[in-house]
Structures are given as C-alpha cells and as structure tokens.
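For reference, the chains in residue letters:
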Amino acid sequence: GSFTGGPNGSIRYELEWSENRGLSRPLRVAERIYGNVEGYISLADTIALAGAAAVEGAGGPKISIKLGRTDATEADPKKRRKLLQMDTDRSLVDTTLPS
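Since we're looking at a predicted model, the values are computed, not measured.

The rules we used
Residues numbered from 1 in each chain as written. Predicted model: local features only at pLDDT ≥ 70, side-chain atom pairs only at ≥ 80, totals over all residues. Heavy atoms only, no water. Helix = DSSP H or I, 4+ residues; strand = E, 2+ residues; numbered from the N terminus. Buried < 20%, exposed > 50% of the residue type's maximum accessible area, 1.4 Å probe, protein only. Contact = heavy atoms within 4.5 Å. Areas by Shrake-Rupley, 256 points an atom, 1.4 Å probe, with all protein chains shown as cover. Salt bridge = Lys/Arg side-chain N within 4 Å of Asp/Glu carboxyl O. Axes fitted to C-alpha atoms, helices over the stretch in contact; angles between N-to-C directions. Parallel < 35°, antiparallel > 145°, perpendicular 65-115°, else oblique. Left-handed = near helix turned anticlockwise from the far one by under 90°. Nonpolar A, V, L, I, M, F, W, Y, C, P; charged D, E, K, R; others polar. Expected span 1.5 Å × (residues − 1).

### Some points on the overall build of the protein
In terms of regular secondary structure, the protein is built from two helices and two strands. Counted from the first residue to the last, the protein has its helices and strands arranged as α-α-β-β. For the protein, with 99 residues in total, the buried portion stands at 19%. Excluding contacts between residues fewer than 6 apart, the proportion of contacts in the protein whose partners are at least 24 apart in sequence is 51%. Summing over all exposed atoms, the protein offers an accessible surface of approximately 7,400 Å²; the carbon and sulfur share of this is 53%.

And the structure:
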C-alpha cells in the first residue's frame, strides 16, 4: 500500500460522484502528463505533483511531494469520517469530501 498519504489515483473511478463534479478535465490533464512518465511514477504521484505545481503556479507556497504512492484499481469506499454541517449566508454545507 501507499504510505505517503494523499491521492491514490482512485479519482478516475469516482468521477460520477457529486463531490467530484468538475474534475474530469483536470484529471485528463494529469493523465496526459502521466502518459509521459508512466513506468517512473504512479498516476497518484502525478496528481499530487500537479496539485503542488498548481498551488505554486497560483502564487502559493512550494509544497514538497514525497513520491511512492500506489494507484488504486477501484473507487475508494464512499464513507464520511464525520458529518459536517454548517450554515452560512451563502450556502448550506452538509457533506464532507472523501479522504
């Protein structure tokens, strides 16, 4: 298993989940990058590196990424760690993102 934390590449099996709407296009970009590095690093590592590069590219901090994630072969179990419920004047939040 992966001991680095973060993405495991299961997103490719979870695009139909409502909390993942809008991620098809970014995943396609990560998969194109992965096509050039497959065999050297996992898709999960590619996603982690792309996320860190996006944060830095947007003016955020440099994020060090430890490599070594393994790719999932199916969707992660869809379960909530804890129910989050918070009202604001703009929205009602009543779900959490999968881990």
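Next comes the rest of the write-up.
### Structural notes on the pattern of salt bridges
Considering all chains together, one arrives at two salt bridges under this definition. Note that Arg12 is salt-bridged to Asp71, the shortest N-O span being 3.7 Å. Pair noted here: Arg12 is in the segment before α1 (24-37) and Asp71 is in the loop between α2 (43-57) and β1 (86-87), with a separation of 59 residues, a long-range link. Owing to a relative accessible area of 24%, Asp71 belongs among the partly exposed residues under this scheme. For Arg69, the salt bridge is made with Asp45, and the minimal N-O distance between the two is 2.8 Å. Taken together, the positions of Arg69 in the loop between α2 and β1 and Asp45 in helix α2 put the pair 24 residues apart, joining distant regions of the chain. By relative accessible area, which is 8% here, Arg69 ends up buried. Taking relative accessible area as the criterion, Asp45 reaches 3% and is therefore assigned buried.

### Section: the packing of α1 against α2
Where α1 contacts α2, the two axes come as close as 9 Å, and the packing angle between them is 120°. What the angle tells us is that α1 and α2 run oblique. Considering the relative orientation of α1 and α2, their crossing is right-handed. In this structure, α1 uses Leu27, Ala30, Glu31, Ile33, Tyr34 and Val37 to contact α2, whose residues at the interface are Leu43, Thr46 and Ile47. Taken together, the residues of the contact of α1 with α2 sort by class into seven nonpolar, one polar and one charged.

### Side note on α2
Residues spaced three or four apart along an α-helix face the same direction, because each turn holds 3.6 residues. For α2, with 15 residues, the first-to-last C-alpha span of 20 Å sits near the 21 Å given by 1.5 Å per residue. Of the residues making up α2, those classed as buried are Leu43, Ala44, Asp45, Thr46, Ala48 and Ala52. For α2, the secondary structure elements touched by its buried residues are α1. A positive phi of about 95° marks Gly59, the residue just after α2.

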